[in-house]
Amino acid sequence: MKKIIISTFAVSALLLTTGCKNDFDTDVKDIAVTKGDADFSKYIALGNSLTSGYRDGALYSSGQNESYPSMIAMQMSLAGGGAFKQPLMPNDVGGFNNLPGFSGKLTLQLVNGSVSPVPSAPAAALDNVSAGAPYQNMGVPGAKSYHLVANGYGSQAGLLTGTANPYFVRFASSATTSVLADAMAQKPTFFSLWIGNNDVLLYATNGGTNSQTVGGVTTYTTATVQTGNTNPATYKSNDISDPNVVAASIKGVLDGLKSVGTTKGVIANIPYVTSVPYFTTVPYNPLTPTTLGANLATLNASLYGPLKQALTAFGAGDRINLLSATTSNPVLIKDVSLTDLSAQLTAALTPSLGLPTATAFGQIFGQARQSTKEDYILLTSSSVIGTTAPGAPAPVNVYGVSYPLQNQHVLTKTEAAYVKTAIDAYNGSIRSLADTYGLAFVDANAKMVDLNGQSGISFDGVKYTAKFVTGGAFSLDGVHLTGRGYAIVANEFIKSINGKYKSTLPQVNPNGYSGVKFP
């Protein structure tokens, strides 16, 4: 479980064709290309990393060239669309070598006989390309809904205070401007907007935690579901945004564009983030009898059995069950929503284990339980399971086995419910705003459901699913798409635009774009 192994069989499966329904069935490729009721002469795209072309854990030039807005712009050019310029990164690696936490793209490499995603060292420092502005792709990786309307989001000085974003610093027209203001200055004739994903995604991908690193030591605290707090300046980075903030921010963008005469465009809703490979690849029960081996009986006798007995006495016996010698077993996790029984466990175990050991057991297992199908083990946690927990006493020091995966390693069922509630609220507002402003609407959530279905989505006989790597649609970070995945998204936007504005933009062929590259 320490590595994600990709077999040769899985690689060859990418080349197989299927008999699924072809998603080109609604294409207009044999019809003369027209703009309909729209004007595509100056198209801009607003959004976050998904709009920018971010993939494989980084923003890099070849990925940007396969962003879904650039694909849409290419089709618009057939119907009077103008130039579409992107703030391209200076290389094909990405990241910033003068900013911590911005590594280069992930690539598949052979590590100890297994094919694993490995981050690259960033190849260049933060550059400034504002002299080449204006840019029509205004997707800013990491941006939340309220960031689009925030003045100073592109300030170099703001990077030190956490109020600015280096990707917008690269191409912002000034230190005091906002993404929206720079978009309005272009007076676009048509726009696309896909925002709100990060308002909940960062909570989910960090297991419902915020983190802080001081002196090389990282500590984690529970992130907040911001309900009723409409002041995003008080939010921490991974908090879930209040739905009213998201709705007001998106409305602010639409009103700003409308004020400069931009009334035609397309807006997309938010997919359920827990349906992407980052949350669906690592099973909740990866501990097979073969993996555990002779340790299985010892664990039951010395750890699981005593814990089960003690917890049962406190009415919490369902938290822990004995390990099975015939079926796969769930990992141990810490669930901060549970009542902390540390003191009770310490008292119950002291007679048999002694006070020091019982105290350690109480602290470690006071909020521990085995995972269930309703929990999501994060993709990055695959390299944690089975490793030694720093500072934990042996033998209760093996992550997921004898020591619980911590809050940052897992999105629990309680946290997942918070995520779904937020997305449902965001999507209700986005749909309502699309109707109110008379915009084309993309149901990206429904398309994700299709990708997760058993039959997936097929284009000219090639099947795409939401499976990590082998599904073809998602890149190596498990969240962002491949070129082929972005082409699927581009087609959804194109179909919605055609349906609303009576245009006949042709769809793109996803098979002509890049997927995951194997070593």
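Residues numbered from 1 in each chain as written. Predicted model: local features only at pLDDT ≥ 70, side-chain atom pairs only at ≥ 80, totals over all residues. Heavy atoms only, no water.

> What's the story with the pairing of strand S3 (residues 114–119) in this structure? I'm lost.
If a strand is regular, its side chains alternate between the two faces of the sheet. Looking at chain direction, strand S2 (residues 106–111) and S3 are connected through 6 bridges and run antiparallel. Across the sheet, the residue bridging to Leu110 is Val115, located in S3. Remark: 2 residues form the turn of the hairpin made by S2 and S3, two consecutive strands paired antiparallel; Asn112 in that turn has positive phi of roughly 50°. (Pairing = 2+ DSSP bridges. Helix = DSSP H or I, 4+ residues; strand = E, 2+ residues; numbered from the N terminus.)

> Help me understand the side chain of Ser61 in this model?
Tracing the sequence through the fold places Ser61 in helix H3 (residues 61–64). In this structure Ser61 touches Leu88, Met89, Asn91 and Asp92, once residues within four positions along its chain are discounted. (Contact = heavy atoms within 4.5 Å.)

> Can you walk me through the sheet that holds strand S8 (residues 265–268) in this structure?
Consider a sheet: its strands pair through backbone hydrogen bonds, and that pairing is either parallel or antiparallel. Spatially, the 5 strands line up as an open sheet ordered S4-S1-S5-S8-S13, and their pairing is parallel. At either end of the open sheet lies a strand with only one pairing partner, and these are strand S4 (137–139) and strand S13 (440–442). Across the sheet, the axes of successive neighbouring strands diverge by a mean angle of 15°, strand direction being ignored. Against the sheet, helix H4 (residues 68–76) engages strand S1 (43–47), S4 and strand S5 (190–194), with an angle of about 165° to S1. (Axes fitted to C-alpha atoms, helices over the stretch in contact; angles between N-to-C directions.)

> How do you make sense of the pattern of salt bridges when you look at a structure like this?
It is possible for side chains of opposite charge to pair when their charged atoms get near one another. Tallied over the entire structure, the rule returns 12 salt bridges. Residue Arg170 pairs with Asp127 through a salt bridge whose shortest N-O separation is 2.7 Å. With Arg170 in helix H6 (residues 166–171) and Asp127 in the loop between S3 and S4, the pair connects residues that are 43 residues apart, well separated along the chain. Connected through shared salt-bridge partners, Lys447, Asp450, Glu492 and Lys495 make up one network. (Salt bridge = Lys/Arg side-chain N within 4 Å of Asp/Glu carboxyl O.)

> Whenever I open this one, the confidence of the model for the protein chain confuses me. Can you help?
Any residue range with low pLDDT should be treated as having predicted coordinates unsuitable for detailed reading. Here the protein chain averages 93 in pLDDT, while 94% of its residues score no lower than 70. Here residues 1–21 is modelled with pLDDT under 50, and outside its nearest four sequence neighbours on either side it reaches 43 contacts, counting other chains as well. (pLDDT = per-residue confidence, 0-100.)

> When you look at the packing of helix H13 (residues 342–353) against helix H14 (residues 355–365) in this model, what are you seeing that I'm missing?
The axes of two packed helices give the description: the angle between them and the distance between them. The interhelical angle for the contact between H13 and H14, taken along N-to-C directions, is 150°, at an axis separation of 7 Å. Here H13 lies roughly antiparallel to H14, going by the angle between them. Note that H13 runs across H14; the crossing there is right-handed. Counting all contacts with H13, which are made through Ser342, Leu345, Thr346, Leu349, Thr350 and Leu353, the residues of H14 involved are Leu355, Thr357, Ala358, Thr359, Phe361, Gly362, Gln363 and Phe365. Residue classes in the contact of H13 with H14 are distributed as 7 nonpolar, 7 polar and no charged. (Parallel < 35°, antiparallel > 145°, perpendicular 65-115°, else oblique. Left-handed = near helix turned anticlockwise from the far one by under 90°. Nonpolar A, V, L, I, M, F, W, Y, C, P; charged D, E, K, R; others polar.)

> Explanation requested: H14 in the structure shown.
At 3.6 residues per turn, the α-helix brings residues three or four places apart onto the same side. If you check which residues of H14 are buried, you get Ala358, Ala360, Phe361, Gly362, Ile364 and Phe365. For H14, the secondary structure elements touched by its buried residues are helix H12 (295–313), strand S9 (332–334), H13 and strand S10 (368–370). (Buried < 20%, exposed > 50% of the residue type's maximum accessible area, 1.4 Å probe, protein only.)

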